[in-house]
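# Observations on chain architecture
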Amino acid sequence: MEAACLGIPVLVSDKMGCAEILKKVGLANMVISFDDIGKVADRAQELCGQSILPGQLNALKRILDNNFVSEEIRAVLDDSARKNNFISK
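To start, this report covers the structure provided alongside it.

What follows is about the overall build of the protein. A count of helices and strands for the protein gives five helices and two strands. When the helices and strands of the protein are listed from N to C terminus, the series reads α-β-α-β-α-α-α. For the protein, the residues scored as buried account for 25% of the 89 residues in total. When the accessible surface of the protein is split by element, carbon and sulfur atoms take 54% of a total near 6,400 Å².

Here helix α4 (residues 54-64) crosses helix α5 (residues 66-83) at 50°, and the two axes come no closer than 5 Å. When the interaxial angle is binned, α4 and α5 end up oblique. Taken together, the residues of α5 that come into contact with α4 (itself represented by R62, I63 and L64) are N66, F68 and V69. Residue classes in the contact of α4 with α5 are distributed as four nonpolar, one polar and one charged.

Enumeration according to the criterion identifies five salt bridges in this entry. A salt bridge links R74 to D78; its shortest N-O distance comes to 3.8 Å. Taken together, the residues span about one helical turn, with R74 and D78 both in helix α5 at a distance of four residues. Since its relative accessible area comes to 23%, D78 is described here as partly exposed. Among the ionic pairs, K83 bridges to D79, the shortest N-O distance being 3.1 Å. With K83 and D79 both in helix α5 and four residues apart, the pair spans about one turn of that helix.

Calculation rules
- Residues numbered from 1 in each chain as written.
- Predicted model: local features only at pLDDT ≥ 70, side-chain atom pairs only at ≥ 80, totals over all residues.
- Heavy atoms only, no water.
- Helix = DSSP H or I, 4+ residues; strand = E, 2+ residues; numbered from the N terminus.
- Buried < 20%, exposed > 50% of the residue type's maximum accessible area, 1.4 Å probe, protein only.
- Areas by Shrake-Rupley, 256 points an atom, 1.4 Å probe, with all protein chains shown as cover.
- Axes fitted to C-alpha atoms, helices over the stretch in contact; angles between N-to-C directions.
- Parallel < 35°, antiparallel > 145°, perpendicular 65-115°, else oblique.
- Contact = heavy atoms within 4.5 Å.
- Nonpolar A, V, L, I, M, F, W, Y, C, P; charged D, E, K, R; others polar.
- Salt bridge = Lys/Arg side-chain N within 4 Å of Asp/Glu carboxyl O.

Structural data, given as structure tokens:
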């Protein structure tokens, strides 16, 4: 994700957690199944020389922002605690 945040194209397995993030910001072409190494090599070659568009880059940085991630984690924990009656509504 560090490379992608610098605008450098990446190629990740569809099994990686960061694949979901790349797809969300319109970078699905950087996610591929690694079952066929020939297809992986072809896709890597396609990505050479490309860059991540400014809109995609901004969306990626927004999703990976520490404050945003912290708030998302907090919301999930608060929701779970409420459902299990650990805190009042």
